[in-house]
Amino acid sequence: MNMLEVIALHAADAERAEEGGADRIELVGSMDDGGLSPEPALVDKVRRATSIQIRPMVRLRPGFGTDGGEAVRLKGLISSYLDAGADGMVLGFLDGHAGVDVEVMTELVGEGEWPWTFHRAIDSCLDQDVAWRRLLTLPRVDQVLTAGSVRGVEHGLDDVINRARSQAAAARLIMAGGGLKAEHVPWLVGAGVRAFHIGSPARPGGSWKAYVDVGLVRTWRTLVDDTIAHERNRTA
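What comes next concerns the included structure. None of the values given here were measured: they were computed from a predicted structure. (Residues numbered from 1 in each chain as written. Predicted model: local features only at pLDDT ≥ 70, side-chain atom pairs only at ≥ 80, totals over all residues. Heavy atoms only, no water.)

A short note on the pairing of strand 2 (residues 24–27)
Within a regular beta strand, the side chains point alternately toward one face of the sheet and then the other, so they alternate between its two faces.
And step 1. In strand 2, alternate side chains face the same way, and those of Arg24 and Glu26 on one face and Ile25 and Leu27 on the other are all buried.
And step 2. Here strand 1 (residues 3–8) pairs with strand 2 via four bridges, running parallel. What sits directly across from valine 6, in strand 2, is isoleucine 25.
And step 3. Taking the sense of rotation as the criterion, the β-α-β connection linking strand 1, helix 1 (residues 11–20) and strand 2 turns out right-handed.
And step 4. Examined bridge by bridge, strand 2 and strand 3 (residues 53–56) share four bridges and lie parallel to one another. Following the sheet pairing, isoleucine 25 is matched in strand 3 by isoleucine 54.
And step 5. Of the crossover connections in this fold, the one passing from strand 2 over helix 2 (residues 40–49) to the parallel strand 3 is right-handed. (Buried < 20%, exposed > 50% of the residue type's maximum accessible area, 1.4 Å probe, protein only. Helix = DSSP H or I, 4+ residues; strand = E, 2+ residues; numbered from the N terminus. Pairing = 2+ DSSP bridges. Right-handed = clockwise from strand over helix to strand, strands pointing away.)

Some details on the pattern of salt bridges
And step 1. Taken as a whole, this structure holds 13 salt bridges when the rule is applied.
And step 2. Here arginine 47 ties to aspartate 87 by a salt bridge, and the two come within 2.9 Å at their closest N and O atoms. One end of the pair, arginine 47, is in helix 2; the other, aspartate 87, is in the loop between helix 3 (68–83) and strand 4 (89–91), and 40 residues separate them in sequence.
And step 3. Residue glutamate 231 is joined to arginine 234 by a salt bridge in which the shortest nitrogen-to-oxygen separation is 2.8 Å. Taken together, the residues glutamate 231 and arginine 234, both in helix 9 (residues 214–235) and three residues apart, mark about one turn of the helix.
And step 4. Overall, the relative accessible area of 10% leaves glutamate 231 in the buried class.
And step 5. Taken together, the salt bridges that share partners define one network made up of Asp23, Arg221 and Asp225. (Salt bridge = Lys/Arg side-chain N within 4 Å of Asp/Glu carboxyl O.)

Some remarks on the nonpolar core
And step 1. Counting residues in hydrophobic clusters, the biggest one holds 68 residues, and the most contacted among them are Trp116 and Phe118.
And step 2. With residues up to four places along the chain from it excluded, the contact list for tryptophan 116 reads Arg55, Met89, Leu91, Met105, Val109, Leu138, Pro139, Arg140, Val141, Asp142 and Gln143. (Core = buried A, V, L, I, M, F, W, Y, C linked by side-chain atoms within 4.5 Å. Contact = heavy atoms within 4.5 Å.)

Some words on the sheet that holds strand 3
And step 1. One open sheet accounts for eight strands, arranged 3-2-1-8-7-6-5-4; its pairing is parallel. Looking at strand neighbours, the two that pair on one side only are strand 3 and strand 4, the edges of this open sheet. Across the sheet, the axes of successive neighbouring strands diverge by a mean angle of 30 degrees, strand direction being ignored.
And step 2. Examined bridge by bridge, strand 4 and strand 5 (residues 116–118) share three bridges and lie parallel to one another. Its bridge partner lying in strand 5, methionine 89 is registered against tryptophan 116. (Axes fitted to C-alpha atoms, helices over the stretch in contact; angles between N-to-C directions.)

Looking at the side chain of threonine 227
And step 1. Along the polypeptide, threonine 227 turns up in helix 9.
And step 2. A residue is classified by how much of its surface remains accessible, and threonine 227, at 14% relative accessible area, is buried.
And step 3. Here leucine 223 takes part through its backbone oxygen, which lies 2.6 Å from a polar atom of the side chain of threonine 227.
And step 4. Discounting chain neighbours no more than four positions away, the residues touching threonine 227 are Val185, Pro186 and Val189. (Polar contact = N/O pair within 3.5 Å; in protein donor to acceptor, adjacent residues only side chain to side chain.)

Notes on helix 6 (residues 153–166)
And step 1. Look at helix 6: 18 Å from first C-alpha to last across 14 residues, which is about the 20 Å you get at 1.5 Å a residue.
And step 2. For helix 6, every residue scored as buried is listed here: Val153, Gly156, Leu157, Val160, Ile161, Arg163 and Ala164.
And step 3. Packed against the buried residues of helix 6 are helix 5 (128–135), strand 6 (141–146), helix 7 (168–173), strand 7 (174–176) and helix 8 (185–190). (Expected span 1.5 Å × (residues − 1).)

Dropping the structure here:
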């Protein structure tokens, strides 16, 4: 399935993303430190404003570490998001060795039936091969948001492409994002990537102070769908 996900900060963002053809929104309370959790009331407001999928960010502080006390709070937040109408979650935590924290992640996602995205914490892992092996053991993860580099897709494109080409299980999970540009899409599609995530490219001038723009989202929707269709025809 082709996937276009758009970051939303408000109900108006979500409405405009849906009108432009987005499949899903990643809902954040603010873009501080790469995106922090929204209030449950915002999830409820967005749910009433749109019919597309909503995945709130589950992250309360900078960095990708957490502890037992915060994990309890995060589980309560997840429960509140589900009650407010969220379809899944976006989260990802690392251990003290810059690896996927399997114990914490299992605690947070182990219960329930909801799908979730492991966010760009993956790009901060020291050993990517180990990180991906650990991710594949976690229940119900159906997307991994990655730029291939902490500096963005511009610097990590080759790594994302190589991962997708060499590991079919990873290709099915990869959602490319983090400074994604239109010229990256054909290369990623050619490697097997079918999911794409945009934030500032969906806003006039790339400004987070601007609302999501319907026309920009529609342009990305067309780009993704047409590029994937062309690739399918080419390889048929």
